[in-house]
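# Architecture and fold: a report
Here is how the chains run, residue by residue.
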Amino acid sequence: MALNLSTDGQYLTFMGYVSAIDNLDVSNSNTPAVVDPTNPVGTSYYRAVAQVDAKGKFRYTETNAYSGNNGRAAVLNNSNGANFFYTAGNAGNGGNPQPDGVIIGAGAQILTPEINAEIAQRPGLPTPVASFNITQLDDSQDKVGKDTNFRGLTIFNNVPTATTCNNSNGIGLPPAATTLPTTPLAYDPTLVQTEGLDPNNMCVLNGFPTALKSKTSFPFGIWFADADTLYVADEGNGDNTYSSGMYTKAAAQKTAGLQKWIFDPIAGQWNRAYVLQAGLQLGMPYTVSGYPTGNNSATGLPWSPGTDGLRNITGVVHGDGTATIYAITSTVSGNGDQGADPNRLVVITDAISATSLPAGESFATFATAGFGEVLRGVSSAPGAGNAH
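Only a predicted model underlies this, so the values are computations on that prediction, with no experimental measurement involved. (Residues numbered from 1 in each chain as written. Predicted model: local features only at pLDDT ≥ 70, side-chain atom pairs only at ≥ 80, totals over all residues. Heavy atoms only, no water.)

## Considerations on the sheet that holds strand 5 (residues 71-77)
- With respect to topology, four strands assemble into an open sheet ordered 5-6-7-8, the strand pairing being antiparallel. Two strands bound the open sheet, and with one partner strand each, they are strand 5 and strand 8 (128-130). Taking the axes of each pair of neighbouring strands and ignoring which way they run, one obtains an average angle of 35° across the sheet.
- Here six bridges tie strand 5 to strand 6 (residues 84-89), and the two strands are oriented antiparallel to one another. Of the residues in strand 6, the one forming a bridge with Val75 is Tyr86. (Pairing = 2+ DSSP bridges. Helix = DSSP H or I, 4+ residues; strand = E, 2+ residues; numbered from the N terminus. Axes fitted to C-alpha atoms, helices over the stretch in contact; angles between N-to-C directions.)

Given below as structure tokens:
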């Protein structure tokens, strides 16, 4: 449920499921045209991109991508005569090897916005736009479809950039003056089971971590303040170990929160300058009105959530050389489904030119989800300049 503005700033986009309210396991279901017989969830539902304008008018585009998992972000490229969605997500909830359709329907996709009502739409097979393979890092082949398990998505300087979960990498950037893609990837269908989507047209940002199954790197949302300054949200390790009134392992993290990366043009690589954590109170339980108190008898841990890190982000650059970044928190708790905890929208202002952690910069809570609520995405409103 990341929120992103279109390239012209007039539309907001996000992804969801074409399903009735209150259906269970929809996020792990197949899609109608990409059925994995090993998926223990036996139902099928389309995924969809929702597009909304400043007047609140919605349009939807259905897709068979992300079977067995979920689409996480979508951006509409509608500048200079273009009209395409770029989407990021994950696929697969069954065994290995994965069906071709699951591999093809993962990662980065390109979709043409629909003008028909959903009832009249007939989505075809997924149309991937980009591919990454861990063999590019000289690692041995893994579960093919999981190399493109993407989370965050943004466009800057005509380059789509994404973060990936399983490899803990930043992904992108092609050379300067690149034009945004307008057609699906021309992959070799005979290599899908062995090489994935070949050729691979994505790369890791030079300087970003490439370790597989990292225990310290959990990137999610990304936002460029300028061509040489990139902020990355790290959601934390998800460990809810609890002792002496704290989620101790969440509190001890050094890289969870908001990472600032600066490009070194001489070395030709990105370097992590510092991590903004002050005010997040990592691992410290907080109370939510109407939420259960005490310990969950099923887990033996507190119902009260604590902040684990950050997920989706956006920002605004100011004329004084600072940037204000808005971020959605991730949580740890004992509720049995940490992704359903009432979480927070937090905000911080950072000096863009700073290369070491400035004194006095601290997150403030902008909004808190109530009982039965959870916050997912944050973006400027269509046609406006303020985060919303």
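## Some details on the pairing of strand 17 (residues 269-276)
- Pairing between strand 16 (residues 257-264) and strand 17: seven bridges, direction antiparallel. Note that in strand 17 the partner of Ile262 across the bridge is Asn271.
- Between strand 16 and strand 17, which pair antiparallel in sequence order, lie four residues; one of them, Gly268, sits at a positive phi of approximately 70°.

## As for the environment of Ala381
- Tracing the backbone through its elements, the reader meets Ala381 in the segment after strand 23 (364-368).
- Judged by relative accessible area, Ala381 falls into the buried class, the value being 16%.
- The spacing of Ala381 and Leu3 is 378 residues in sequence and 9.6 Å in space, taken between C-alpha atoms. (Buried < 20%, exposed > 50% of the residue type's maximum accessible area, 1.4 Å probe, protein only.)

## Remarks on the sheet that holds strand 17
- Pairing is antiparallel across the open sheet formed by four strands, whose spatial order is 12-13-16-17. If you trace the sheet from one side to the other, it starts and ends with strand 12 (219-226) and strand 17, each paired once. Neighbour-to-neighbour, the strand axes of this sheet turn through a mean angle of 25°, independent of strand direction.

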